[in-house]
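In case you want the letters, here they are:
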Amino acid sequence: MSFSSLGLSEQLVRATTDQGYEIPSPIQLQAIPAVLSGKDVMAAAQTGTGKTAGFTLPLLQRLAENPRTGKGPRVLILAPTRELAAQVHDSVNLYSKYVPTKAAVVFGGVKINPQMMKLRKGVDVLVATPGRLMDLYQQNAVRFNEVEILVLDEADRMLDMGFIRDIRKILDLLPAKRQNLLFSATFSGEIRALAQGLLNNPVQIDVAVRNTTAESVKQSVYSVDQSQKTALLSKLVRDNSWEQVLVFTRTKHGANRLTQKLEKDGITAAAIHGNKSQGARTRALADFKQGQVRVLVATDIAARGLDIKQLPQVVNFELPNVPEDYVHRIGRTGRAGESGHALSLVSADELKMLVGIEKLIKKQLPRKEVEGFEPTNNLALKPKAKADPSKARNRSGGNGNGRPGGKPRSFGDKPGGRSGGRSQGGNGQRGRSSQSQDA
Ligand code: AMP
């Protein structure tokens, strides 16, 4: 099956060829014809599956088939984070190389005036985070009367981040007659409620197997004392000559501290989290992608949606509190058919978290030790004390996290080489302003 056989125009196919794509990914196989047909779509898919091209290519074709002269936007794509919005915008630009579509991106954390000026000139496809979009609307910088297609990308993340009110306000302002596309890694009750009010007889697509980790990602656990983690990480980076490694910490403070220690140790590192200015975040990511920074230290929220091609190595400096975040984190490696390695540095006090993760992924991860870094307390296979089973229980259990069809379905040959999902955010609802605090 090729892109052209899915009904895409020669210009759009040429743009995919330029990117080196040979065959459509499973989500693209399903989403492209569905979007071209004008139907609403509800898709269970994450970053890494090729979903962006899955919705962008056909919507560009729909725009090209029916040119308009207004100022737009004709397509509105809402995304949870600045980084994801910027990436989607980059993708729209790549895929629209040979069609006369104008795209723009707006998000918070940067000056609003240049965004207002850009919108004034007219735009076909607008990618936005919900908060900034509402600010722009309230300042009369954008109108929604020409919107024909709405895309909610990573809808579960948007709800996690407390954007539901802004989203509902935006929905109320859109023309009633429009095509709606909803992409989400997980389908909690809240997402289903949103989908029910939004989607009209949607085509349902499911390409991710819930809470499993991709075969292409090799996972290891190194048992080590908390106090020795930085030294061990430095050693691993050096001994293995890792040139590009994404490291996760639980807190922004921890990310800063680790970055400073690595730098002191002569390893180039940068932190990416919500306390950093947008400029600093963009720079850190660019430096990392270009190989000028060996270690990118990130918190979970900041890392969402980051698409860094062929990332060979991910390290959990600390395990996440929410087991599903582990699946999400290690999905940063081994993507697009590449093999990857996810390594977790686990201290004895994190055993419960580790066991929670193993329950979720239905796999026990072998514990290893590194000579010279043997922990004072060995990492057992299971907590010794009588553990409260409700606490270690897989938080995505039950019905709240089902896929659109209820049962998870696999689509065999996954080019993204990854899958997984996350329950409806262990983080609860957060206000918009907290995005910058937590991300
Ligand atoms: P996404 O899930 O949209 O974030 O895409 C993940 C990555 O897959 C991006 O780096 C895309 O450039 C890449 N990609 C998308 N579609 C294809 C395809 N059909 N073949 C190979 N790579 C692709």
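Everything discussed here concerns the structure shown above.
Summarised in this report is the structure supplied together with it. (Residues numbered from 1 in each chain as written. Predicted model: local features only at pLDDT ≥ 70, side-chain atom pairs only at ≥ 80, totals over all residues. Heavy atoms only, no water.)

## With respect to the sheet that holds strand 10 (residues 269-272)
Part 1 of the argument: Ordered in space as 10-11-9-12-13-8-14, the seven strands form an open sheet in which the pairing is parallel. Of all the strands in the sheet, just strand 10 and strand 14 (367-368) have a single pairing partner and so form its edges.
Part 2 of the argument: Sheet topology places strand 8 (residues 217-223) next to strand 13 (residues 340-346); seven bridges connect them, and they run parallel. Bridging from a neighbouring strand, glutamine 219 pairs with alanine 342 of strand 13.
Part 3 of the argument: Strand contacts of helix 10 (residues 229-239): strand 8, strand 9 (245-248), strand 11 (295-298), strand 12 (313-316) and strand 13, with the helix running at about 155° to strand 13, the strand carrying the most contacts. (Pairing = 2+ DSSP bridges. Helix = DSSP H or I, 4+ residues; strand = E, 2+ residues; numbered from the N terminus. Contact = heavy atoms within 4.5 Å. Axes fitted to C-alpha atoms, helices over the stretch in contact; angles between N-to-C directions.)

## Comments concerning unusual backbone geometry
For residues other than glycine, phi is negative in most cases, and the peptide bonds are mostly trans.
Part 1 of the argument: A cis amide bond, omega 0°, links glycine 72 with the succeeding residue proline 73.
Part 2 of the argument: Mapped onto the elements of the fold, proline 73 is located in the loop between helix 3 (51-65) and strand 2 (75-78).
Part 3 of the argument: The phi torsion at glutamate 154 lies on the positive side, around 50°, for a residue other than glycine.
Part 4 of the argument: Mapping glutamate 154 onto the fold places it in the loop between strand 5 (149-152) and helix 7 (155-160).
Part 5 of the argument: On the basis of relative accessibility, which here comes to 5%, the residue glutamate 154 falls in the buried class.
Part 6 of the argument: Here the phi dihedral of serine 241 falls at roughly 50°; this positive angle occurs in a residue that is not glycine.
Part 7 of the argument: For serine 241, the position within the fold is in the loop between helix 10 and strand 9.
Part 8 of the argument: Looking at serine 241, the relative accessible area reads 47%, which means it is partly exposed. (Buried < 20%, exposed > 50% of the residue type's maximum accessible area, 1.4 Å probe, protein only.)

## Thoughts on the packing of aromatic side chains
Part 1 of the argument: Within the structure shown, the criterion is met by four aromatic pairs.
Part 2 of the argument: Ring centres of phenylalanine 55 and phenylalanine 183 lie 5.0 Å apart, and the angle between their planes is 55°; this geometry places the pair in the tilted category. Placement of phenylalanine 55 in helix 3 and of phenylalanine 183 in strand 6 (residues 179-184) is noted, with a sequence separation of 128 residues between them.
Part 3 of the argument: With relative accessibility at 0%, the residue phenylalanine 55 sits in the buried group.
Part 4 of the argument: Judged by its relative accessible area of 0%, phenylalanine 183 is buried. (Phe/Tyr/Trp six-rings, centres within 6.5 Å; stacked < 30°, edge-to-face > 60°.)

## What about a positive patch on the surface?
Part 1 of the argument: Residues Lys71, Lys102, Lys118, Arg120 and Lys121 make up a contiguous surface patch of positive charge.
Part 2 of the argument: With respect to the element layout, arginine 120 can be found in helix 5 (residues 113-120).
Part 3 of the argument: On the basis of relative accessible area, arginine 120 is assigned to the exposed category, the value being 51%. (Patch = residues over 30% accessible without salt bridge, like charges linked within 9 Å, V, L, I, M, F, W, Y side chains within 5 Å. Areas by Shrake-Rupley, 256 points an atom, 1.4 Å probe, with all protein chains shown as cover. Salt bridge = Lys/Arg side-chain N within 4 Å of Asp/Glu carboxyl O. Lys, Arg positive; Asp, Glu negative; His and termini not counted. Charge placed at Lys NZ, Arg CZ, Asp CG, Glu CD.)

## Quick word on the sheet that holds strand 5
Part 1 of the argument: If you walk across this open sheet you meet the seven strands as 3-4-2-5-6-1-7, and the pairing is parallel. Each of the sheet's edge strands pairs with one partner strand only, and the pair in question is strand 3 (103-106) and strand 7 (203-206). When the angles between neighbouring strand axes are averaged without regard to direction, this sheet yields 15°.
Part 2 of the argument: Where strand 2 lies against strand 4 (residues 125-128), four bridges are found, and the strand directions are parallel. Within strand 4, the residue paired with isoleucine 77 across the bridge is valine 127.
Part 3 of the argument: Along the sheet face, helix 9 (residues 189-198) touches strand 1 (41-44), strand 5 and strand 6 and points at about 170° away from the line of strand 6.

## Focus: the nonpolar core
Part 1 of the argument: With 40 residues, the main nonpolar core has Ile77 and Val125 as its most contacted residues.
Part 2 of the argument: Discounting chain neighbours no more than four positions away, the residues touching valine 125 are Leu59, Leu60, Leu63, Val75, Ile77, Val92, Thr101, Lys102, Ala103 and Ala104.
Part 3 of the argument: Listed in part, the 39 residues of the second largest apolar core include Ile112, Leu119, Met134 and Leu171. (Core = buried A, V, L, I, M, F, W, Y, C linked by side-chain atoms within 4.5 Å.)

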